[in-house]
Amino acid sequence: MTNSVTQATITIPVGPAGRAMAEPMSSELLDLMEAHLNLERQSAADYFAAAVWFAERELTGFAEHLRDEAKQEQEHAAKFADYLISRGQRPVLDTIEPPRQQWPDVEQVIANVFRMEADVTASVLQLYGTAEKDIDRRTTVFLDAIVDAQRLSEHEAAYLLGRVKFAAGNPAAVMIIDAELREGEAEPAKLEG
C-alpha cells in the first residue's frame, strides 16, 4: 500500500517589484510615503543650496551645518525608500524642483530652513495619522522614532532662527553664531537634568 500525500502550494503576496510582502499597504498611505520620500529629497537640495549661499559669504559654520543637514535629509529619504522596499513596494522618485539660491539676508535663509522643517513635520504627522487610520502597525512603529527626531529638528531650526533674529543683522553677532555652529556648540537650552 502506498501513501500519497498532497502538499498544498504556499502562496505569498508580492508587491509591484515581485518582492514578498507580509502585509499590503493602502494606496493612500503608499502615495503619502512616496510624497514624503520626495519631500526629504527636496529638502536635501534646499539645504545644500542654503549651504552654498553661506559658503559664498565665508560663513563656514552655517555652510557646514546646512551641508550636514542636507546629508541628513538625503539619509531620511533613503530610510523611507528602504522601508517601502521592505514592505514590498517600489519607491517612485519624482523630479525635484531647483532649490532657491538667493536670499536677501541670513534671517530669510534660516526662516526658510524652519519652514522646511515644519513642512516635513506636518508630512510625517499626516503619515502617522493615515497609518493609524489604516491600522498599519508596521508603519506606526517605523514612524515612532521619526516623529520624535523630527520634533527635535524643528526645535533646533526654531532655536537657530531665534538666534539669528536676535542678532538683527549685526555682522559681529552673526559671526558669533557662525563660530558656535562651526564648533558644534549651537543648540537649544535644556531645562531638564
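Since the model is a prediction, treat every value here as computed from it, not as a measurement. (Residues numbered from 1 in each chain as written. Predicted model: local features only at pLDDT ≥ 70, side-chain atom pairs only at ≥ 80, totals over all residues. Heavy atoms only, no water.)

## Things to note about the environment of Glu154
Assignment of secondary structure puts Glu154 in helix H4 (residues 137-167). Along the chain, Glu154 and Phe114 lie 40 residues apart, while their C-alpha atoms are 6.6 Å from each other. Leave out the neighbours within four places in its chain, and Glu154 touches Phe114, Glu117, Ala118 and Thr121. (Helix = DSSP H or I, 4+ residues; strand = E, 2+ residues; numbered from the N terminus. Contact = heavy atoms within 4.5 Å.)

## Some thoughts on the side chain of Gln89
Mapped onto the fold, Gln89 is located in the loop between helix H2 (60-86) and helix H3 (106-133). Beyond its immediate stretch of four places on either side in the chain, Gln89 contacts Pro16, Met21, Met25, Leu30 and Leu84.

## Section: the pattern of salt bridges
Overall, the coordinates contain 12 salt bridges when judged by the stated rule. Across the pair Arg138 and Glu23 runs a salt bridge whose closest N-O atoms are separated by 2.8 Å. Of this pair, Arg138 sits in helix H4 while Glu23 sits in the segment before helix H1 (27-56), and the two are 115 residues apart along the sequence. Across the salt bridge formed by Asp136 and Arg87, the nearest N and O atoms sit 3.0 Å from each other. (Salt bridge = Lys/Arg side-chain N within 4 Å of Asp/Glu carboxyl O.)

## Section: unusual backbone geometry
For Glu58, which is not glycine, the phi torsion reads 60° and is therefore positive. Residue placement: Glu58 occurs in the loop between H1 and H2. Of note in the backbone geometry, Ala168 takes a positive phi value of approximately 50° without being a glycine.

## Examining helix H5 (residues 171-183)
The end-to-end C-alpha distance of H5, which contains 13 residues, comes to 18 Å, matching closely the 18 Å that a straight helix rising 1.5 Å per residue would cover. Restricting attention to buried positions, one finds in H5 the residues Val174, Ile177, Asp178, Glu180 and Leu181. Buried residues of H5, viewed axially, fall in a sector of 160°; they line one side. In H5, those exposed residues whose orientation departs by more than 90 degrees from the buried face are Ile176 and Glu183. Buried residues along H5 sit against H2, H3 and H4. (Expected span 1.5 Å × (residues − 1). Buried < 20%, exposed > 50% of the residue type's maximum accessible area, 1.4 Å probe, protein only. Arc of directions from axis to C-beta.)

## Details of the nonpolar core
In this structure, Phe54, Phe62, Val106 and Ile110 are the most contacted members of the largest nonpolar core, which totals 24 residues. Sorting the residues of this core by element identifies H1, H2, H3, H4 and H5 as the ones contributing at least two each. Leaving out residues up to four positions away in the same chain, Ile110 has contacts with Phe54, Phe62, Ala157, Leu160, Leu161 and Val164. Grouped together as the second largest cluster of nonpolar side chains are 18 residues, Phe80, Leu84, Leu127 and Ile146 included. (Core = buried A, V, L, I, M, F, W, Y, C linked by side-chain atoms within 4.5 Å.)

## Focus: the packing of aromatic side chains
Under the criterion given, the structure shown has five aromatic pairs. Ring plane angle 90° and centroid distance 5.0 Å describe the contact between Trp53 and Phe54, whose orientation is recorded as edge-to-face. Centroid distance Phe80 to Phe142: 5.2 Å. Interplanar angle 85°. Geometry classified as edge-to-face. Of this pair, Phe80 sits in helix H2 while Phe142 sits in helix H4, and the two are 62 residues apart along the sequence. Owing to a relative accessible area of 16%, Phe142 belongs among the buried residues under this scheme. Aromatic rings pair up to connect Trp53, Phe54, Phe62 and Trp103 into one cluster. (Phe/Tyr/Trp six-rings, centres within 6.5 Å; stacked < 30°, edge-to-face > 60°.)

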